[in-house]
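Each chain, written out:
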Amino acid sequence: MGKWTRRGFITAGVVGGTALVIGVGIRPGNRNSKLEQYVTSDGEHLVNAWVKIDAQNQVTVIVPHSEMGQGAQTALTQMLADELDVDWEMVSFIEAPAEDAYANGPVGKGFVLGDTKIPKALVGTVDGLFQTVANSMHLQITGGSASVRATGVYGMRVAGAAAKEMLLAAAAKQWGVPVASLTAKSGMISDGSRNEPYATFVVAAGELQPPYTPKLKTADEFTIMGKSKPRLDIPSKVDGTAMFGIDAKVDGMVYATIAAAPVFGATVKSVDDSKARAVKGVVDVVKLDDAVAVVANSYWTAKKALAELDIEWQNVSQDVVDSKGIFEQFQNDIESAVANGDVKADINAGDSDAAFASATRVVERQYKVPYLAHACMEPMNALALVDEGSCEIWTGSQNPLGFKHQIAEAIGFEADNVKVNNFFMGGGFGRRSRPDAAIQAAKISMQIGMPVKLIWSREEDTQHDFYRPAVLSKFRAALDEAGNPVAWENHYVDKHEPAEAPLIPYAINNQSIGSVDSPTHIPFGAWRSVDHSQHGFFTESFMDELAIEAGADPYQFRMDRLKAHPRHQKVLALAAEKANWSTPLGKGQGRGIALQESFGSLVAEVVEVTVTKGEVSVDKVTVVVDAGFAVSPDGVKAQMESGVLYGLTAALHGEVSIENGRVVQANFDTYPMVRMDTAPQIDTHIINSMESWGGAGEPGTPGIAPALTNAIYAATGTRIRDLPVSQYDLDVDFVESDSV
Amino acid sequence: MEITVNGKVHTIEAESDTPLLWVVREQLGLTGTKFGCGIAQCGACMMHVNGKPMKTCVLPVGAVAGAEITTIEGIGGQDELHPVQQAWIDAQVPQCGYCQSGQIMSAVALLATNDDPSDDDINRAMSGNVCRCGMYGRIRTAIKRVAENQVAIYDPKANDTQSSNAGEMKNG
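Residues numbered from 1 in each chain as written. Chains lettered and ligands numbered in written order. Predicted model: local features only at pLDDT ≥ 70, side-chain atom pairs only at ≥ 80, totals over all residues.

1. Observations regarding the overall build of chain A
1) Next: Scanning chain A from N- to C-terminus turns up 18 helices and 27 strands.
2) Next: Out of the 740 residues in chain A, the part that is buried amounts to 58%.
3) Next: Restricting to contacts in chain A with at least 6 residues of sequence separation, those with at least 24 account for 76%. (Helix = DSSP H or I, 4+ residues; strand = E, 2+ residues; numbered from the N terminus. Buried ≥ 20, exposed ≤ 12 C-beta atoms within 10 Å, placed from the backbone. Contact = placed C-beta atoms within 7 Å.)

2. Quick word on the overall build of chain B
1) Next: Each helix and strand in chain B was counted, giving six helices and five strands.
2) Next: Counting from the amino terminus, helix and strand elements in chain B follow one another as β-β-α-β-β-β-α-α-α-α-α.
3) Next: In chain B, which comprises 172 residues, the proportion classed as buried is 57%.
4) Next: A separation of at least 24 residues holds for 62% of the contacts in chain B among residues at least 6 apart in sequence.

3. Examining helix H3 (residues 100-113) of chain B
Residue and element names in this part refer to chain B.
1) Next: For H3, built from 14 residues, the straight-helix expectation of 20 Å at 1.5 Å per residue is met to within 8% by its first-to-last C-alpha distance of 20 Å.
2) Next: Burial within H3 is extensive, with twelve of its 14 residues counted as buried.
3) Next: Considered for burial, the residues of H3 that qualify are Gln100, Ser101, Gly102, Gln103, Ile104, Met105, Ser106, Ala107, Val108, Ala109, Leu110 and Leu111.
4) Next: Residues of H3 that are buried sit in contact with strand E3 (46-49), strand E4 (52-55), helix H2 (83-90), helix H4 (119-126) and helix H5 (136-147). (Expected span 1.5 Å × (residues − 1).)

4. Things to note about the domain arrangement of chain B
Residue and element names in this part refer to chain B.
1) Next: Split by domain assignment, chain B resolves into domain 1 (2-74) and domain 2 (83-159).
2) Next: Between the C-alpha centres of domain 1 and domain 2 the distance comes to 21 Å.
3) Next: Contacts between the two partners involve 15 residues from domain 1 and, on the opposite side, twelve residues from domain 2.
4) Next: Taken together, the elements giving at least two residues each to the side of domain 1 that touches domain 2 come down to E3 and E4.
5) Next: Here the side of domain 1 that touches domain 2 takes three residues from E3, the largest share from any one element.
6) Next: Partitioned by chemical class, the residues of the side of domain 1 that touches domain 2 number seven nonpolar, six polar and two charged. (Domains from an automatic or database assignment. Nonpolar A, V, L, I, M, F, W, Y, C, P; charged D, E, K, R; others polar.)

5. Quick look at unusual backbone geometry
Residues and elements named next belong to chain A.
1) Next: Residues Glu497 and Pro498 are joined by a peptide bond in cis, for which omega reads -10°.
2) Next: Along the chain, Leu723 connects to Pro724 via a cis peptide bond; the corresponding omega equals 0°.
3) Next: Inspection of the secondary structure assignment puts Pro724 in the segment after helix H18 (704-716).
4) Next: One non-glycine residue, Glu388, lies in positive phi territory at about 45°.
5) Next: Among the secondary structure elements, Glu388 is positioned in the loop between strand E15 (381-387) and strand E16 (390-395).
6) Next: Of note, the phi angle at Lys613 is positive, near 50°, even though the residue is not glycine.
7) Next: Examined against the element boundaries, Lys613 turns out to sit in the loop between strand E23 (601-612) and strand E24 (615-626).

6. Quick word on the interface of chain A and chain B
1) Next: Listed by partner, the interface residues are 53 residues for chain A and 54 residues for chain B.
2) Next: Secondary-structure elements contributing two or more residues to the side of chain A that touches chain B are helix H8 (299-306), helix H17 (633-653) and strand E27 (681-687) of chain A.
3) Next: Ranked by residue count, the leading element in the side of chain A that touches chain B is H17 of chain A, at seven residues.
4) Next: In the side of chain A that touches chain B, the residues fall into 27 nonpolar, 13 polar and 13 charged.

7. Details of the sheet that holds strand E7 (residues 195-197) of chain A
Residues and elements named next belong to chain A.
1) Next: Across the sheet, three strands lie side by side as E5-E6-E7; this open sheet has antiparallel pairing. One side of each edge strand has no neighbouring strand; the edge strands of this open sheet are strand E5 (183-185) and E7. Here the average twist between neighbouring strands, direction ignored, is 25°.
2) Next: Of the strand pairs in this sheet, E5 and strand E6 (residues 188-190) are connected by three bridges, and their pairing is antiparallel. Counterpart to Lys185 in the pairing with E6 is Met188. (Pairing = 2+ DSSP bridges. Axes fitted to C-alpha atoms, helices over the stretch in contact; angles between N-to-C directions.)

8. Here's the deal with the environment of His48 of chain B
Residues and elements named next belong to chain B.
1) Next: On the secondary structure map, His48 appears in strand E3.
2) Next: C-alpha separation for the pair His48 and Gln78, spaced 30 residues apart in sequence, amounts to 19 Å.
3) Next: The contact partners of His48, leaving out residues within four places of it in the chain, are Pro53, Thr70, Met105 and Ala109.

9. With respect to the packing of H2 of chain B against H5 of chain B
All names here are of chain B.
1) Next: Where H2 meets H5, the axes come as close as 9 Å, and the angle between the chain directions of the two elements is 130°. Judged by the angle between their axes, H2 and H5 are oblique. Relative to H5, H2 is oriented so that their crossing is right-handed. Residues Pro83, Val84, Ala87, Trp88 and Asp90 of H2 touch H5, and the partners they reach there are Ala142, Arg145 and Val146.
2) Next: A per-class count over the contact of H2 with H5 returns six nonpolar, no polar and two charged. (Parallel < 35°, antiparallel > 145°, perpendicular 65-115°, else oblique. Left-handed = near helix turned anticlockwise from the far one by under 90°.)

10. Quick look at the pairing of strand E21 (residues 510-516) of chain A
Residues and elements named next belong to chain A.
1) Next: Extensive coverage of E21 is indicated by the burial of six of its seven residues.
2) Next: Pairing of strand E20 (residues 485-493) with E21 involves seven bridges; the strand directions are parallel. Note that in E21 the partner of His491 across the bridge is Gly514.

11. Section: the confidence of the model for chain A
Residue and element names in this part refer to chain A.
1) Next: On average, residues of chain A score 85 in pLDDT, and 83% of them reach the 70 mark or higher.
2) Next: Per-residue pLDDT stays below 50 along residues 1-49; that stretch engages in 121 contacts with residues further than four places along the chain or on separate chains.
3) Next: Here residues 101-140 scores under 50 on pLDDT; set against residues more than four positions off or in separate chains, the count is 112 contacts. (pLDDT = per-residue confidence, 0-100.)

12. A word on the nonpolar core
1) Next: Counting 255 residues, the largest nonpolar core has Ala256, Val294, Ala384, Leu708 and Ile712 of chain A as the members making the most contacts within it.
2) Next: Those residues in contact with Ile712 of chain A, other than ones at most four positions away along the chain, are Gly590, Val609, Val611, Val616, Thr718, Ile720, Val725 and Leu730 of chain A. (Core = buried A, V, L, I, M, F, W, Y, C linked by C-beta atoms within 7 Å.)

13. Examining the environment of Asn417 of chain A
Residues and elements named next belong to chain A.
1) Next: If you trace the backbone, Asn417 turns up in the loop between helix H11 (400-411) and strand E17 (418-422).
2) Next: In this structure the C-alpha to C-alpha distance between Asn417 and His405, which are twelve residues apart in sequence, comes to 9.9 Å.
3) Next: Setting aside anything within four residues of it in sequence, one finds Asn417 in contact with Gly389, Ser390 and Cys391.

14. Here we look at H17 of chain A
1) Next: Between its first and last C-alpha atoms H17 of chain A spans 30 Å; for 21 residues at 1.5 Å apiece the expected length is 30 Å, and the two agree.
2) Next: Burial within H17 of chain A is extensive, with 19 of its 21 residues counted as buried.

15. Considering the confidence of the model for chain B
1) Next: For chain B, per-residue confidence averages 88 on the pLDDT scale, and 88% of positions sit at 70 or higher.
2) Next: Under the prediction, the complex receives an ipTM of 0.90, its pTM being 0.88.

16. Some words on the packing of H2 of chain B against H3 of chain B
Residue and element names in this part refer to chain B.
1) Next: Contact geometry for H2 and H3: axes closest at 9 Å, N-to-C directions at 125°. Judged on the interaxial angle alone, H3 and H2 are oblique. Seen from above, H2 lies across H3 with right-handed handedness. From H2, Val84, Gln85 and Trp88 reach across to H3, where they touch Gln100, Ile104, Ala107, Val108 and Leu111.

17. Here we look at the sheet that holds strand E1 (residues 2-5) of chain B
All names here are of chain B.
1) Next: The five strands lie next to each other as E2-E1-E5-E3-E4, forming an open sheet whose pairing is mixed. Looking at the sheet topology across the chains shown, the edges are occupied by strand E2 (8-11) and E4. The average angle at which neighbouring strand axes cross in this sheet is 40°, direction not considered.
2) Next: Direction of pairing for E3 relative to E4: antiparallel, over a ladder of four bridges. The residue bridging Val49 from the neighbouring strand is Lys52, located in E4.
3) Next: Those strands touched by H3 are E3 and E4, and its axis lies near 35° from that of E3.

Written out as structure tokens, the structure is:
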């Protein structure tokens with residue numbers, strides 16, 4: 001990563017202290033040429049990187065995050081508008097273009113520099129999500145639940161406050177009065193007698209040195225933050241006018257679909273395309289290193305012709321790999337790493353060895369999760385036009401600026417000659433941070449010299465994802481005479497980010513937690529909540545088992561070990577209260593609880609299930625979230641609902657299995673989803689603790705799997721230690737307890 | 001070949017086995033209807049054919065000549081939304097929004113024949129539509145509000161662009 005010093009970003013022309021880290025001067029008077037196109041008429045003036053105020057006193061916020069349904073564009077607009085003191089009706093937003101000038105400075109500052117208000121442990125999050133981004137300057141990513149807590153807190157609010165201060169200073173100068181005598185409200189500046197719109201002072205404000213530390217509002221001064229504003233993108237999503245990547249269109253466009261090597265890492269050995277070329281409407285067959293594409297006058301024609309290709313793939317050593325072998329490898333690698341002292345420690349606290357040596361009893365358990373695909377509703381696609389040394393891409397991306405640079409590198413162009421037009425994403429969940437489909441489209445267009453829209457089939461999408469990894473996690477706990485855990489040991493494979501995902505908040509004095517490398521050929525990808533998605537299941541399952549071993553109530557058992565974390569206790573207690581934790585349920589019914597801190601937010605979930613004849617019905621999910629402060633309460637609720645459903649589908653049904661080196665599942669018939677008839681009621685409660693603001697997009701996901709399986713245990717006595725649940729036969733009554 | 005979409009007759013050129021979805025998207029330029037799975041598993045491609053909800057990713061265009069086809073672009077009036085669309089805004093249903101054209105088409109078809117659907121009715125009518133953002137609860141709420149005539153009168157000026165505020169939400 002490049003070195004970003006404080007001096008460096010100030011000399012780069014920072015507005016508002018943090019709005020710019022990228023080294024491109026965009027303050028007034030030092031305007032970057034690439035920004036000028038966004039100042040579209042003479043009366044407009046770019047006050048700073050994030051906000052534009054025009055001669056009609058209309059405010060345009062430039063949002064550096066793309067929209068995949070998380071509502072960040074609306075929430076970020078709220079944050080800026082509130083600090084700027086303009087009315088909500090005066091504000092609109094545009095998404096920042098994929099230009100270096102807009103790269104995610106505040107994300108970089110908030111995370112990469114390890115800002116003191118962000119827990120140190122979270123610094124790695126961004127590194128993980130950015131791992132494919134070669135250069136730290138190319139950050140424009142939407143991920144890590146970072147929009148509000150990083151861009152919003154360190155960029156939007158500061159920018160809005162700075163702009164307001166500059167406008168006030170300009171007005172004071174023009175009217176010859178002290179700044180303190182002025183007030184700003186609803187986009188107007190007043191000195192008691194005069195009342196002028198911001199627009200009047202925009203040019204003069206542009207001449208001023210921006211403040212480095214503008215004063216931010218306190219919570220009691222918020223007028224727009226904390227209100228559930230209707231999402232700005234929703235109207236276009238109910239009438240068919242919202243434009244997703246798959247809807248992009250240019251003149252002369254042809255369609256392509258593609259078959260990539262079914263075994264990751266294999267290449268094309270030979271292809272007989274004679275039958276495909278004979279299909280009416282086929283334009284060309286394009287061979288890439290590891291894939292073959294058919295180009296035609298329609299998607300349907302391309303798809304039909306693709307089935308006519310006779311492709312021979314190079315044999316590779318991975319051809320024999322299967323899921324069973326992968327888990328055997330994990331098991332062996334953990335055992336040998338432990339034996340050889342090769343475990344990479346996350347934490348070694350106290351003296352675990354001594355605690356185990358003197359334990360009354362030792363509990364050992366192991367848990368497994370499978371690979372998971374993202375299964376965005378919109379299959380991967382991109383429209384590309386490569387022509388005379390320039391490349392233009394139309395697609396939906398979580399990282400448009402990263403795409404620009406990665407596509408340029410892949411096709412051997414200068415980044416300046418690659419333009420990425422970003423669209424709404426039909427789901428992202430981490431998948432759309434990868435530019436693979438856009439690179440394929442660019443390469444195909446390069447070969448045929450025409451604009452080409454590449455659309456993957458659902459099967460291609462499922463089988464060529466970047467997967468949530470399969471993971472094996474082994475636990476041991478040392479119990480004292482009373483059944484209290486006095487030592488917690490956990491070894492697992494395949495560590496990514498966030499670094500703190502396997503850590504627990506519970507007071508257990510002796511802890512030894514660490515990871516073991518056990519690489520496979522299955523490509524890794526960030527999947528909603530990343531490592532928390534598996535470790536939430538592991539740690540909260542084991543915690544539940546320890547509660548059962550101690551003969552304790554799983555809720556109280558946790559509460560008793562959270563005395564040093566009152567914020568955690570409050571979240572967990574409210575979840576138990578709202579879910580009527582202590583009221584009895586009927587036969588075949590059960591409740592499970594789980595708590596997980598992730599991405600700066602605390603979430604507790606209680607699941608209520610009914611198990612009838614082996615069928616699990618998830619009746620109700622109670623969620624309590626403390627994200628510090630909910631900028632848009634309904635937006636936070638929507639993210640909890642969504643995070644729960646995403647994790648629930650995975651816990652109940654989600655499994656990508658490997659046979660002969662390739663993915664077995666292909667479409668929604670073999671990779672099933674929770675649907676309307678099986679979706680639970682979700683009851684969300686928000687706590688505004690006013691601690692550091694956290695994320696919302698991901699924190700709802702990690703807790704649902706353990707809360708579900710803990711509930712299934714309570715209902716049936718069957719402990720689910722391998723996901724998904726669907727592989728278990730739960731048609732058994734009165735199972736009292738179980739062991740490994 | 002001629003097909004009638006949203007009340008308008010279009011002349012199209014396609015092999016008769018081409019799914020209606022692709023003809024409508026590529027030749028008519030109506031891209032509100034989406035491709036999700038290609039095997040009638042997800043409902044993103046839902047249109048109405050003679051008023052019945054149909055998954056058009058597997059419906060050959062040759063089978064719908066002469067039929068009345070309606071897409072998401074055709075269910076509202078010139079300047080007003082269909083009450084189901086308005087209910088979707090009021091309940092803040094869409095997240096990524098990709099499945100929502102299909103969801104809305106299924107909901108409109110349900111409410112056209114059942115003005116007071118039970119939870120089971122909703123389950124039956126809506127379980128062919130997958131929403132990866134998991135907005136099933138909000139969809140259920142929105143459908144019930146339409147049935148109970150709780151949908152506000154649509155004000156096109158308040159809702160027609162990304163850049164304006166759609167007014168206070170009904171479910172805060």
